[in-house]
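# Notes for the structure review
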Amino acid sequence: MTTRHLALRRSRGLTLIELMVAIALGLVVLTALVALYGNVTRNNNEMTKTNLLIENGRFAMQLLQDDVALGGFWGPIDPLDATAVPDPCLAYAKAIDPEQPGKWPTANVAARVEYRDNLLAIPIQAYADGSLLGGCGAGLANVVAQSDVLVVRHASTCIAGANCDGGSDTGPHIQVSACRTDAPPEPAYVVESKAELDDRAAAVPSTKIRLKDCAAGGVGTEAPRRKMLVNLYYVANSATGVPTLMRVRMVNGAFGAPEPMVDGIQAFKVELGVDNKGSNGLPISATNPGDGNADEYVTCSPGCDLAALANVVSVKLHVLARNLEPTAGHTDDKDYQLGPLAIAKANDGYKRHVFSTTVRVVNPSSRRETP
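So, here is what we can say about the structure in this document. Note that the structure is predicted; figures quoted are calculated from it, not measured.

## Topic: the overall build of the protein chain
When you go through the protein chain residue by residue, the secondary structure sums to seven helices and 14 strands. Put simply, the protein chain has 371 residues, and 43% of those count as buried. Restricting the contact set of the protein chain to residue pairs at least 6 apart, pairs at least 24 apart contribute 65%. Of the roughly 19,100 Å² of accessible surface on the protein chain, a fraction of 57% belongs to carbon and sulfur atoms.

Structure representation (structure tokens):
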């Protein structure tokens, strides 16, 4: 074969068969890469959904834990005994003034005393639904069937003022006297609206609540004020149909609009830990006080009685969180147990997880502890 023929043979390039084989091999590799990318994308999406599920569940629990743990904090004050069944709207206004349910009863001294005593003595309440709380916010009408309503009451941890959240709130504040040597009618504390406390401090002679440098005629230093915080928690469906943990707060003496706190919370159950026995194991009484430990856990359906509410020292919180979006090819065929609440399998594409914890209500329980 001549040199010319060899040169022509080398310059022919790929044959059609060789080209087709190369394309086929490239398609196989490309198909594998596309499948790998799809799997990685799906796994990442599922990881994102799972992380969001866990994050929402933990955030909901942390939000509830932090507030419940502060229940019954009123500053430097001794606890009161509950003397009457508390009104679900906290202010007794539903029974006294039906036109203003849930508002601070500034015009009625008797209502104010009832409100004060029960507010201080019963910092934690729970209801099986929102049927008893119609005057505490329009959003409570949307409580889902698998949700309790939790009510938490305590004073602000910061002193009311320009740099304190709620310092300008016109609703009820608590003020504790340090004038232990003053004779009655000097009060040990007052729970009054901001305007009433202002009037008390400006009166001549002054009737303001004072610190240890107390002296008649308004000479002493006025004691700090703390805003009274009242929060209601429950689960409702949002405008998009996503179940959401909601909060309603008392602002300026009345309950405000519902606030969405955490998305994807499907169910919410509360158990109240009741201290109904002394350290000797016998029922509590005037001569046998409780020891600060929960002797039994009760649920409130539709609401708990006074004997339970006045002795709550801990709370079990149960939350069922679910993904915000369904997972293709997944069917949730599990039953869930939230304390005493059983939730049947949904048989849908949403993944779910139960979060539970027990929270000590520090202030009421620690006051009962015996050395």
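## A closer look at the packing of aromatic side chains
For the coordinates displayed, the defined rule picks out zero aromatic pairs. Its end group placed over the ring of tyrosine 297, lysine 316 keeps NZ or CZ at 4.4 Å from the ring centre. Positioned above the aromatic ring of tyrosine 350, the side-chain terminus of arginine 322 is 3.9 Å from the ring centre.

## Observations regarding the environment of phenylalanine 355
Tracing the backbone shows phenylalanine 355 in strand S14 (residues 352–360). Along the chain, phenylalanine 355 and arginine 58 lie 297 residues apart, while their C-alpha atoms are 7.4 Å from each other. Setting aside chain neighbours within four positions, we find phenylalanine 355 in contact with Leu53, Ile54, Gly57, Arg58, Met61, Leu317, His318, Val319 and Ala321.

## Let's talk about the sheet that holds strand S10 (residues 296–298)
Strand order across the open sheet formed by four strands is S10-S9-S11-S14, with antiparallel pairing between neighbours. The two strands at the open ends of the sheet, each matched to only one other strand, are S10 and S14. Direction aside, the axes of adjacent strands within the sheet are offset by 25 degrees on average. Bridge count for strand S9 (residues 265–274) against S10 is three bridges, and the pairing is antiparallel. Paired with leucine 272 across the bridge in S10 is valine 298. On the sheet, helix H2 (residues 16–69) packs against S9, strand S11 (312–322) and S14 and is oriented at approximately 20 degrees with respect to S14.

## Re unusual backbone geometry
Its identity is not glycine, yet asparagine 347 carries a phi of approximately 55 degrees, on the positive side. Examined against the element boundaries, asparagine 347 turns out to sit in the loop between strand S13 (341–343) and S14.

## Some words on the nonpolar core
Within soluble globular proteins, side chains that are nonpolar generally end up buried alongside one another. One finds Ile124, Leu150, Phe268, Leu272, Val315 and Leu317 to be the most contacted residues of the largest nonpolar core, which totals 35 residues. Going through the elements one at a time, H2, strand S1 (124–127), strand S2 (149–155), strand S5 (225–237), S9, helix H6 (306–309), S11 and S14 are the ones with two or more residues in this core. With six residues, the single largest contributor to this core is H2. Setting aside its immediate chain neighbours within four residues, leucine 317 contacts Met61, Leu64, Gln65, Leu150, Phe268, Lys269, Val270, Phe355, Ser356, Thr357 and Val359. Formed by 26 residues, the second largest nonpolar core is a distinct cluster that contains Leu133, Leu140, Val151 and Tyr234.

## A word on helix H5 (residues 194–202)
Buried within H5 are the following residues: Glu196, Leu197 and Arg200. An end-on view of H5 places all buried positions within 100 degrees of arc, on one side of the element. Exposed positions of H5 whose direction lies more than 90 degrees from the buried face are Asp199 and Ala202.

## Here we look at the pattern of salt bridges
Evaluated as defined, the whole model comprises 15 salt bridges. Residues aspartate 275 and arginine 368 are paired through a salt bridge, measuring 3.3 Å at the closest nitrogen-oxygen approach. Linking aspartate 275 in the loop between S9 and S10 with arginine 368 in helix H7 (residues 362–368), this pair joins segments that are 93 residues apart in sequence. As a salt-bridge pair, arginine 352 and aspartate 332 come within 2.9 Å of each other at their nearest N and O atoms. Here the residue arginine 352 occupies a position in strand S14, and aspartate 332 occupies one in the loop between S11 and strand S12 (336–338), the gap between them amounting to 20 residues. Residues arginine 352 and aspartate 332 agree in their burial class; the two are buried. Here the salt bridges share partners, and the residues they tie into one network are Lys194, Asp198, Glu222 and Arg225.

## Quick look at a nonpolar patch on the surface
On the surface, Leu16, Leu19, Met20, Ile23, Leu27, Leu30 and Val34 cluster together to form a nonpolar patch covering roughly 700 Å² of accessible area. The residue valine 34 is located in helix H2 in this model.

## Quick look at the pairing of S11
Of all eleven residues that make up S11, ten are buried, and the element is covered over most of its length. Pairing analysis gives nine bridges linking S9 to S11, with the strands arranged antiparallel. Residue pairing across strands places glutamate 271 opposite lysine 316, the latter belonging to S11. As defined by bridge partners, S11 adjoins S14 across nine bridges and the pair is classed as antiparallel. Residue leucine 320 lies in a different strand from S14, and its bridge partner there is valine 354.

Conventions we followed
Residues numbered from 1 in each chain as written. Predicted model: local features only at pLDDT ≥ 70, side-chain atom pairs only at ≥ 80, totals over all residues. Heavy atoms only, no water. Helix = DSSP H or I, 4+ residues; strand = E, 2+ residues; numbered from the N terminus. Buried < 20%, exposed > 50% of the residue type's maximum accessible area, 1.4 Å probe, protein only. Contact = heavy atoms within 4.5 Å. Areas by Shrake-Rupley, 256 points an atom, 1.4 Å probe, with all protein chains shown as cover. Phe/Tyr/Trp six-rings, centres within 6.5 Å; stacked < 30°, edge-to-face > 60°. Lys NZ or Arg CZ within 6 Å of the ring centre and 35° of its normal. Pairing = 2+ DSSP bridges. Axes fitted to C-alpha atoms, helices over the stretch in contact; angles between N-to-C directions. Core = buried A, V, L, I, M, F, W, Y, C linked by side-chain atoms within 4.5 Å. Arc of directions from axis to C-beta. Salt bridge = Lys/Arg side-chain N within 4 Å of Asp/Glu carboxyl O. Patch = residues over 30% accessible without salt bridge, like charges linked within 9 Å, V, L, I, M, F, W, Y side chains within 5 Å.

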